[in-house]
Amino acid sequence: MTSLRVRAGVLGLALLAGLSAPTASASAPASTAPSPTVEEQRLDRAVPREILGRSGFDALTAEFTRALDSARGYAEARRIVVREGSALWRRAVDRAQGRGPVGGDLSRDDDRPLYWARLGMTRDVRTWEPSFGLSAGQRASLIDELERTSRGQTAVRYPRDKGVKRILVTGFDPFTLDRDIRISNPSGATALALDGRVIRTAQGPARVETVVFPVRWRDFTDGTVERTLRPYLKQVDLLTTVSQGRVGRFDVERTNGAWRGGFGDNENVGVTGLVPVADPASQPQWTTTTLPYREIVAADTGRFPVYDNTAVTEIPAGGTEPVVRPEGPTPGSAARQGGGGDYLSNEIAYRGTLLRDRLGLRDVLPAGHVHTPVLEFGGGNTSEITDPEFVRNRLDIIAQVTGILGVAAAG
């Protein structure tokens, strides 16, 4: 059996070789509920059940099922979905920040209970057959509401105090679950730990609001990033998209590329080609960070080294084969990998910074992507869902992202 540390290294390389807008199938007739997705089907395995049981989030999914079954019409079902999705996000944030019941022996910093509980809820809605009938469009709308509310995407709130800076941070769900279903995503854990918190910077306090995105190509194709970020970019002082990257290091990604490399997502779907965006005629091949990367790299933010990653892979102007460029893209080249690869981490960085530029904020809004280290289990742990080193690594990554945000907000 391949050791966990080797598999963790492969995971980081997979992210960089290739790292989600909610939609649901509208093709199913009103009288027949769709089958669970590939992602939802993993719920039946032992590890998700253990994570839910050892966090108390299994009770939340059971409560949701009962509430949904009590609905007597679509409007009532929609109210239940919004209420329960929002409550799931609040419960996950509260648990991560030390409020409310622990619900079990799983450490509070764990992002996985939220992920698996959400999938239990979306599976309930997807397979639900109420007595009043539900059209395919109505079912899709319910799933969309549940996805958005349970990811914090409808809960971003900033104070009106002009003396407090505003920071927007994004994270991701766990992924590559067929390789190791125990996986946690430190970017998602960071989002839960920081949502609504005020951090201190050299220029005063800063309020952090966070959202989490799915690891699914179809959601990004349908514009979930733009729909979520657009209302806030003109209000915030800093946008930082975060995902899991290499083993043992942080990277501030200098350049993002407009290319999808085809690595499989959480539905085991791979997509290759140009990143699809609105107004493709004006779409650039590359976007760049406006984070203060020099200051971030130079600062002592934690135990992991932080790098200014400038490398990309391009097809040079007039060329036909990909070429690695350690210092960044050359004029007229076509993107094949940004600094963060050609997966959804690169894509969220590309979409976020492209939206920044299209809103005319290129010179005023620091925005860009930070890759965290791969979250590793302790040596020899190939089966347990947690261990002390795993928890320590996650807490250290969360603390160091917090420090990086403080430097970026001050810079």
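See the structure printed just above.
Structure report, in brief. (Residues numbered from 1 in each chain as written. Predicted model: local features only at pLDDT ≥ 70, side-chain atom pairs only at ≥ 80, totals over all residues. Heavy atoms only, no water.)

**Quick notes on helix α7 (residues 136-150)**
When the terminal C-alpha atoms of α7 are compared, their 21 Å separation across 15 residues agrees well with the 21 Å that a helix rising 1.5 Å per residue should span. With 13 of 15 residues buried, α7 lies mostly within the body of the structure. Positive backbone phi, approximately 80 degrees, marks G152, located one or two places after α7. (Helix = DSSP H or I, 4+ residues; strand = E, 2+ residues; numbered from the N terminus. Expected span 1.5 Å × (residues − 1). Buried < 20%, exposed > 50% of the residue type's maximum accessible area, 1.4 Å probe, protein only.)

**Brief notes about the pattern of salt bridges**
For the coordinates displayed, the defined rule picks out 32 salt bridges. Put simply, E147 and R151 hold a salt bridge, and the shortest N to O gap is 2.7 Å. There is no split in this pair, since E147 and R151 are both buried. Within the structure, one salt-bridge network assembled from shared partners comprises E39, R118, E147, R151, D173, R216 and D219. (Salt bridge = Lys/Arg side-chain N within 4 Å of Asp/Glu carboxyl O.)

**Here's the deal with the layout of surface pockets**
Taken as a whole, the largest pocket encloses approximately 180 Å³ of empty space. Around the largest pocket, the lining residues are S86, W89, R90, V93, D94, Q97, R99, T149, T154, A155, D195 and G196. A total of five residues in the lining of the largest pocket trace back to one element, the largest contributor, which is helix α5 (residues 74-96). Looking at the lining of the largest pocket residue by residue, the class counts come to three nonpolar, five polar and four charged. (1 Å grid on protein atoms, 1.4 Å probe; cavity = no way out; pocket = protein on both sides within 12 Å on 5 of 7 lines; lining within 4 Å. Points joined across faces, edges and corners; volume = space filled by probe spheres on them. Nonpolar A, V, L, I, M, F, W, Y, C, P; charged D, E, K, R; others polar.)

**What to know about the packing of helix α4 (residues 57-69) against helix α6 (residues 112-127)**
Put simply, α4 and α6 touch, their axes get as near as 9 Å, and they point 20 degrees apart. In terms of axis orientation, α4 runs roughly parallel to α6. Where α4 crosses over α6, the handedness of that crossing is right-handed. Between α4, through F57, L60, T61, F64, T65 and L68, and α6, the contact on the second element is made entirely by P113, L114, A117, M121, D124 and V125. Looking at side-chain class alone, the contact of α4 with α6 contains nine nonpolar, two polar and one charged residues. (Axes fitted to C-alpha atoms, helices over the stretch in contact; angles between N-to-C directions. Parallel < 35°, antiparallel > 145°, perpendicular 65-115°, else oblique. Left-handed = near helix turned anticlockwise from the far one by under 90°. Contact = heavy atoms within 4.5 Å.)

**Re the sheet that holds strand β11 (residues 312-315)**
Spatially, β12-β11-β13 is the arrangement adopted by the three strands of the open sheet, whose pairing is antiparallel. Each of the sheet's edge strands pairs with one partner strand only, and the pair in question is β12 (323-325) and β13 (334-337). Each strand of the sheet is rotated relative to its neighbour by a mean of 45 degrees, with strand direction disregarded. The pairing of β11 with β12 spans three bridges and is classified as antiparallel. Among the inter-strand pairings, T313 is bridged to a residue of β12, identified as V324. (Pairing = 2+ DSSP bridges.)

**Some words on the nonpolar core**
W116 and V125 are the most contacted members of the largest nonpolar core, which totals 38 residues. When residues of this core are traced back to their parent elements, those giving at least two are α3 (46-53), α4, α5, α6, α7 and α8 (186-194). The leading source of residues in this core is α5, at eight residues. Filtering out sequence-adjacent residues up to four positions away, W116 remains in contact with E39, R42, L43, P48, I51, L52, L177 and I181. Formed by 26 residues, the second largest nonpolar core is a distinct cluster that contains L238, V370, F377 and V407. (Core = buried A, V, L, I, M, F, W, Y, C linked by side-chain atoms within 4.5 Å.)

**Points about the side chain of D251**
When you line up the elements, D251 lands in strand β5 (residues 250-253). Judged by relative accessible area, D251 falls into the buried class, the value being 0%. Within the structure, the side chain of D251 is placed 2.9 Å from the side chain of R246, a separation counted as a polar contact. Polar contacts involving the side chain of D251 include one to the side chain of R249, which spans 2.5 Å. Dropping the residues within four chain positions of it, D251 is found in contact with R246, Y307, N309, H369, V370 and H371. (Polar contact = N/O pair within 3.5 Å; in protein donor to acceptor, adjacent residues only side chain to side chain.)

**Notes on the sheet that holds strand β4 (residues 238-244)**
In space, the seven strands of this open sheet follow the order β2-β3-β1-β4-β14-β5-β10, with mixed pairing throughout. Each end of this open sheet is capped by a strand with a single partner; those strands are β2 (198-201) and β10 (306-309). Across the sheet, the axes of successive neighbouring strands diverge by a mean angle of 30 degrees, strand direction being ignored. Both β5 and strand β14 (residues 367-372) contribute to a ladder of three bridges, which runs antiparallel.

**Section: empty space enclosed by the protein**
Considered as a void within the structure, the second largest cavity measures approximately 60 Å³ in volume. D111, L114, Y115, R118, F172, D173, P174, G188, L192 and V212 are the residues that line the second largest cavity. Counting residues per element, the ones that place at least two in the lining of the second largest cavity are α6 and α8. Sorting elements by how many residues they give to the lining of the second largest cavity places α6 first, with three residues. In terms of residue class, the lining of the second largest cavity is made up of six nonpolar, one polar and three charged.

**Some details on unusual backbone geometry**
For residues besides glycine, phi is generally negative; the peptide bonds are generally trans as well. Of note in this structure, T176 is not a glycine but carries a positive phi near 50 degrees. With respect to the helices, strands and loops of the structure, T176 is situated in the loop between β1 (165-172) and α8. The buried category is assigned to T176, whose relative accessible area is 12%. For N268, which is not glycine, the phi torsion reads 60 degrees and is therefore positive.

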